[in-house]
Amino acid sequence: MFYLTQMLGTPVVDAAGETIGEISDIAIATGEVFPRVTSLAFLGPDKKPFMLSWRKFVEEIDEDRVRLNVPATDIRFSYLQPDEVLLHRDLLNKQIVDTQGMKVVRVNDLKLSESRNQLRLLGAEVGLRGILRGLHPVLERAVARLTRLVGRELAENLIAWNYMDLLDRDLSHVQLSVTHKRLHELHPADMADVLEQLSPSQRARVFEHLDNPAAALAVAALEDEFQADVIDDLGSQRASDILEMMDPDDAADIIGDLPYDKAEKLLRLMGVNEAAAVRALLGYREKTAGGIMTPEVTTVTEEMTVQEVIEHLREEAAENESIYYIFVVDDQARLTGVISLRDLVISEPRTPVADIVSRDVITVNPDDDQEYVAETMSKYDLLALPVVDETSTLLGIVTVDDALEVMEEESAEDLALATGSDRRFEAQDAWSWLGRKSGWLTVWLVLGVGAVWLLSAFEETFVSLIAAAFFMPLIIRLAEEISSHSLAVMIDQGSLEDRPSLGRRLVVDTLVGIGLGAVSGLIAFGMLELLGEPLRAAVTIALAVGGAVLVTAMAGALVPYVALREDGSGWRAPSALFSAGLAVVGLAVYLGLTALLDAALPA
Amino acid sequence: MTTKRTRRIGLFAVLSVVGPGVIAASAGNDSGGISTYSVAGARYGYQMLWMMLVMTPAFVIIQEMAGRMGAVTGKGFSALIRERFGLRPTFVAMLLLLASAAATTVAEFAGVAAAMEMFGVSRYLSVPIAAAVVWLLVVRGSYRNVEKVLLALSSVFVAYIVSAFLAKPDWLEVGRALVVPSITPTAGFVALAIGLTGTTIAPWMQFLVQSNIVDKGTSASEWKLARWDVIAGALAANLVAMFIIITTATVLHPAGVQITDAAQAASALAPLAGEYATVLFAIGLLAASVLSAAVLPLTSAYATCEAFGWEAGIDRDWSEAPVFNGLYTAVIVLAAAVIMLPGLDLIAIMLLSQVVNGMMLPFLLIFMMRIINDRRIMGSHVNGALHNIFAWGTIVVAIALTTVLMGMTALGLA
């Protein structure tokens, strides 16, 4: 096994045993899955760069040196070929795309292996292990031993050459092996995942290599927030060409996010029909049937025969998104019925449409919520759902792919809310479980130290009011309870639109807090009196308990707003952190109030 | 005809790219900056003004270089360091950056503590709350909205310009001090000079301005216009800085005020705001501190992750980007924890952090000089002679100052 970081700087020795320089780079042939090393680059005296053929001149290589098979005078130097890639210059420390893991990563080292006197590249090391080795091999060994102690392996994270795409070097003119997967050969959805990890300029470079249909697919698959940026960065002509190729509903989403001037410019560059379709869609609100529908619908009239419908489909409707249902309209474009592709296929060619049409059509209005649309489609097992206005004029259809997307969005929201995390935990061994938990133990420990700190600030109060300490665990427990209750309520209420406003929640929770505070204050007072505390101490502590409970309840109303993402898709940080935060708030208020009241009340 | 069209497009384009540079430079006039400038004026009068005049072109040029690297390569500073120098130097550079950012974040929380103590709020209350607020601002993603409010609030320091005129300094004296170099050969003076360099040309600011340019997708051809934003921001920041020195030198120096707490620094605004000087100063200090306390941990976490290829971004959660989230959380928590140490001298902490910045600066600048003069990376956009002279001059002076300070300390002259 050889690692590039270890090989760089190794002496190059000729057949006579003379050191003639040190390794500066290694070139590989790009056509294979595990590419052969083809050339050796080294720095001679005075840092003069040389290059020679590995196959012709390298006798053997070990950890300490590279030995050549001829004396220095007999070497014939060569030049870098266009299809060669230099491991140090083009790969080491560079960002590459891992086209198998769909990730953008940085190369920390390159692993090579020797077999039958042939050195081959095994892959690029992109994990922590490569970083450690690059810093110092001793460090790598030490950490590897440490992780073995806790029963884990410091794994190598290798990416094979055929799953690499280089970002800085253009490989489009290089002959690659058939199995070599480049970024633009990925499925558009996978390519979009990678594109989102790139910087704007890198993204622009990838788009330069894509043809318009591929670019349209990739843009459509990007997350909303990237789509407008990407289109904005492309030249206007290219951007409008790409938008034209996209489904009008997707194009409208993007254009709606662009600045007005740019949007107008692109619409004017687009074809008349495409632009009109997009403009019509721009009028509808997001997350409604109108917002997700496509106006490209295959329509026929009742007078046509089955034969005519099939011909119509072939001629005009071929490029429409969905042709599984054919919608029947009257002369005013009002929806009167639907026929399925199945009906068409099994009917005689001369049958009039009126004979096979089904008049019982499920429809939605453009203002209906997208979740309702998706539920309707799932309930009736529809592949497309027509959207009509109040006069039953057919405006467009929502296709099943858009409905699936809606369902995914909504269920991700619900799942994230219910489980308190974006990912389901995978099965894990005890060590990583302990690691996770000890992380939290540390947080609690820090909070504990913080609490002691808080306490020390109120030292004087506590000497006189020892009883106040009894109620600290109560406040902490209550804060946790309030935090989880507050989140549970939030999940119950379902979609974002249904949630009450912050103001309303504050009012409700304040009222609840007053009730809770009064009750817990009274209980505290009763207990303290029973324990024989002086009246003044009992009043002070009871008031402080009541006040702290009230404030904690009010703060609890804020937790979901702080903890959950705006789009409701999950948590911003581990949920325990928020209940811990609430506990700190509660404690601080409790201690502060005790001290204040102790100072304010007459002795 | 053609010239007219270019001008029109030009103006529009300038307006559309305004932002990153101004924000980066304003974040530079943070609590550390304000305290350092105030102390410089109060202790040494106008004596240090000439340094500001020398440092202004250096600052402008260095900020311009950082922005240019971003526009030409489309990559952040730390990514360039990694690709040009490899793993080990990158590790050192990231340690320097993290040290500089952490020290400055400590100063920001010192600023919060000092500002709130002027309102009578204990630092044991204000600092944890500020830390929580800053952390939430970032994870909640509402930071971009709040940024503008904080920027507006921290611009109250423009009040120093008015205050300087109202204080009626001897302008002839000011002018003379501005152009005639003068030094006091004491360790305190040298340390403050390093701090002045460190706060004016803070190392993390180059990372910030470059990553802002990269995120905006500014290309090399757009850079001709975009750089004016960076240059204007740098000039404005240094103008305010100079007026802080002039004001404190006029108001506090003759009275022999040494500035040991924030209230004394605030009193320099008295000619303008009278009894409200404290309030004005406290609000500005608080806003500037919170703004920078959010920006700094973010900048350093971004840069570090970029260098080592870890996932980063405020829209990524803990499971997606553990190192990124861990780093900025750690910087915020540690910095706030330092301020919680009992009996800390806040002004001294703010000054010290800037001295740390000043000591780190030359080493990061050396990386920058090697990259920006590398034709394989920058193509035709490598530095001109003027850029090289000022930048190398800054490096040499900064290293010399640190060496002198260390020598003086070793010889017991401190």
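Treat the numbers as computed from the prediction; the structure is a model and nothing was measured. (Residues numbered from 1 in each chain as written. Chains lettered and ligands numbered in written order. Predicted model: local features only at pLDDT ≥ 70, side-chain atom pairs only at ≥ 80, totals over all residues.)

Caption draft 1: Spatial organisation of the overall build of chain A. Scanning chain A from terminus to terminus reveals 25 helices and 19 strands. Counting only residues that meet the buried cut, chain A has 35% of its 603 residues in that class. (Helix = DSSP H or I, 4+ residues; strand = E, 2+ residues; numbered from the N terminus. Buried ≥ 20, exposed ≤ 12 C-beta atoms within 10 Å, placed from the backbone.)

Caption draft 2: Structural view of the overall build of chain B. If you tally the helices and strands in chain B, you get 20 helices and 0 strands. The buried share of chain B, taken over its 414 residues, is 56%. Counted over contacts in chain B with a minimum sequence separation of 6, partners at least 24 positions apart contribute 86%. (Contact = placed C-beta atoms within 7 Å.)

Caption draft 3: Quick peek at the interface of chain B and chain A. On the side of chain A, 25 residues touch chain B, which itself brings 21 residues to the contact. Only α5 (77-85), α6 (87-118) and α7 (123-139) of chain B provide two or more residues apiece to the side of chain B that touches chain A. A per-element tally of the side of chain B that touches chain A places α7 of chain B first, with 4 residues.

Caption draft 4: Highlighting the sheet that holds strand β13 (residues 158-159) of chain A. Residues and elements named next belong to chain A. With antiparallel pairing, 4 strands are arranged side by side in an open sheet as β1-β11-β12-β13. Two strands in the sheet have a free side with no partner beyond their single neighbour: β1 (2-3) and β13. The pairing of β1 with strand β11 (residues 109-115) spans 2 bridges and is classified as antiparallel. Across the sheet, Phe2 pairs through a bridge with Leu112, a residue of β11. Here helix α4 (residues 128-135) sits on the sheet and contacts β1, β11 and β12 (118-125); the angle it forms with β11, its principal contact strand, is near 90°. (Pairing = 2+ DSSP bridges. Axes fitted to C-alpha atoms, helices over the stretch in contact; angles between N-to-C directions.)

Caption draft 5: Structural context of unusual backbone geometry. Residue and element names in this part refer to chain B. Notably, Lys168 is not glycine yet its phi reads approximately 50°, a positive angle. Along the chain, the position of Lys168 falls in the loop between α9 (159-166) and α10 (171-179). When the 9 C-beta atoms within 10 Å are taken as the criterion, Lys168 is described as exposed. Its identity is not glycine, yet Ile259 carries a phi of approximately 65°, on the positive side. Looking at where Ile259 falls in the secondary structure, it is placed in the loop between α13 (223-251) and α14 (262-266).

Caption draft 6: Structural detail: the sheet that holds strand β9 (residues 95-98) of chain A. All names here are of chain A. Sheet architecture is open: 3 strands sit in the order β10-β9-β14, paired in antiparallel fashion. One side of each edge strand has no neighbouring strand; the edge strands of this open sheet are β10 (103-106) and β14 (164-166). In this sheet, adjacent strand axes meet at a mean angle of 35° when their direction is disregarded.

Caption draft 7: Representation of the environment of Leu394 of chain A within the structure. Residues and elements named next belong to chain A. Turning to its location among the elements, Leu394 is positioned in strand β19 (residues 394-399). In this structure Leu394 comes out as buried when scored by C-beta crowding, with 21 C-beta atoms within 10 Å. Expressed as a C-alpha distance, the spacing of Leu394 and Gln332, which sit 62 residues apart in the sequence, is 9.6 Å. Those residues within four positions of Leu394 in sequence are excluded, and the remaining contacts are Val297, Thr299, Phe327, Val329, Ala333, Leu335, Pro386 and Val388.

Caption draft 8: The pairing of strand β4 (residues 37-43) of chain A, seen in detail. All names here are of chain A. With respect to burial, β4 is a largely interior element, 6 of its 7 residues being buried. As paired elements, β4 and strand β5 (residues 49-53) share 5 bridges and run antiparallel to each other. Counterpart to Phe42 in the pairing with β5 is Phe50. Between β4 and β5, which pair antiparallel and follow one another directly, the connecting turn spans 5 residues, one of which, Asp46, has a positive phi of 60°.

Caption draft 9: A look at the packing of α6 of chain B against helix α16 (residues 277-308) of chain B. Residues and elements named next belong to chain B. Put simply, α6 and α16 touch, their axes get as near as 8 Å, and they point 160° apart. Judged by the inter-axis angle, α6 sits roughly antiparallel to α16. Our pair here, α6 against α16, has a crossing hand that is left-handed. For the contact of α6 with α16, the per-class residue count stands at 20 nonpolar, 10 polar and 1 charged. (Parallel < 35°, antiparallel > 145°, perpendicular 65-115°, else oblique. Left-handed = near helix turned anticlockwise from the far one by under 90°. Nonpolar A, V, L, I, M, F, W, Y, C, P; charged D, E, K, R; others polar.)

Caption draft 10: Looking closely at the pairing of strand β3 (residues 19-29) of chain A. All names here are of chain A. Note that strand β2 (residues 11-13) and β3 share 3 bridges and pair antiparallel. Bridged to Pro11 within β3 is Glu22. Hairpin connection from β2 to β3: 5 residues lie between these consecutive antiparallel strands, with Gly17 at a positive phi of about 85°. In this structure, β3 lies alongside β4, joined through 6 bridges in antiparallel fashion. Across the sheet, Glu22 pairs through a bridge with Leu43, a residue of β4. Relative to strand β8 (residues 84-86), β3 runs antiparallel, the two being bridged by 3 bridges. Within the sheet, the bridge partner assigned to Ala29 lies in β8 and is Glu84.

Caption draft 11: View of the packing of α6 of chain B against helix α17 (residues 322-340) of chain B. Residue and element names in this part refer to chain B. Here α6 crosses α17 at 55°, and the two axes come no closer than 8 Å. The angle between the axes of α6 and α17 places the two elements in the oblique class. In this structure, α6 meets α17 at a crossing whose hand is right-handed. Mapping the contact onto sequence places Ala101, Ala102, Thr105, Val106, Phe109, Ala110 and Ala113 in α6 and Val331, Ile332, Leu334, Ala335, Ala336, Val338 and Ile339 in α17. Residue composition of the contact of α6 with α17, grouped by class: 13 nonpolar, 1 polar and no charged.

Caption draft 12: Spotlight on α9 of chain B. Residue and element names in this part refer to chain B. For α9, every residue scored as buried is listed here: Ala159, Tyr160, Ser163 and Ala164. Viewed along the axis of α9, the buried residues span an arc of 135°, placing them on a single side of the element. For α9, the secondary structure elements touched by its buried residues are α13, α15 (270-273) and α16. (Arc of directions from axis to C-beta.)

Caption draft 13: Spotlight on the environment of Tyr590 of chain A. All names here are of chain A. Following the sequence through the fold, Tyr590 ends up in helix α25 (residues 575-600). A tally of 28 C-beta atoms within 10 Å means that Tyr590 is categorised as buried. Taking the C-alpha atoms as reference points, Tyr590 and Val549, separated by 41 residues in sequence, lie 8.2 Å from one another. Apart from the residues within four sequence positions on either side, Tyr590 is in contact with Ile475, Ala544, Val545 and Ala548.

Caption draft 14: Layout of α6 of chain B. All names here are of chain B. With 32 residues, α6 extends 46 Å from end C-alpha to end C-alpha; this agrees with the ideal 46 Å at 1.5 Å per step. Of all 32 residues that make up α6, 24 are buried, and the element is covered over most of its length. Among the residues trailing α6, Gly120 stands out with phi positive, at a value near 85°. (Expected span 1.5 Å × (residues − 1).)

Caption draft 15: Representation of the confidence of the model for chain B. Residue and element names in this part refer to chain B. Per-residue confidence for chain B gives a mean pLDDT of 85; residues scoring 70 or more make up 89%. In the model of chain B, helix α1 (residues 2-17) stands out as the element of lowest mean pLDDT, 36, in contrast to α5, which has the highest, 95. Overall, residues 1-18 carries pLDDT values under 50, and its contacts beyond four positions in sequence, including any with other chains, amount to 10 contacts. Note on the complex model: pTM 0.73, ipTM 0.82. (pLDDT = per-residue confidence, 0-100.)

Caption draft 16: Structural view of the nonpolar core. All names here are of chain B. If you look at the biggest cluster of nonpolar residues, it comprises 149 residues, and the most contacted ones within it are Phe109, Ala110, Val134 and Ile245. By residue number, the principal contributor to this core is α16, which donates 20 residues. Among residues more than four places away in sequence, those in contact with Val134 are Val290, Ala293, Ala294 and Ile332. (Core = buried A, V, L, I, M, F, W, Y, C linked by C-beta atoms within 7 Å.)

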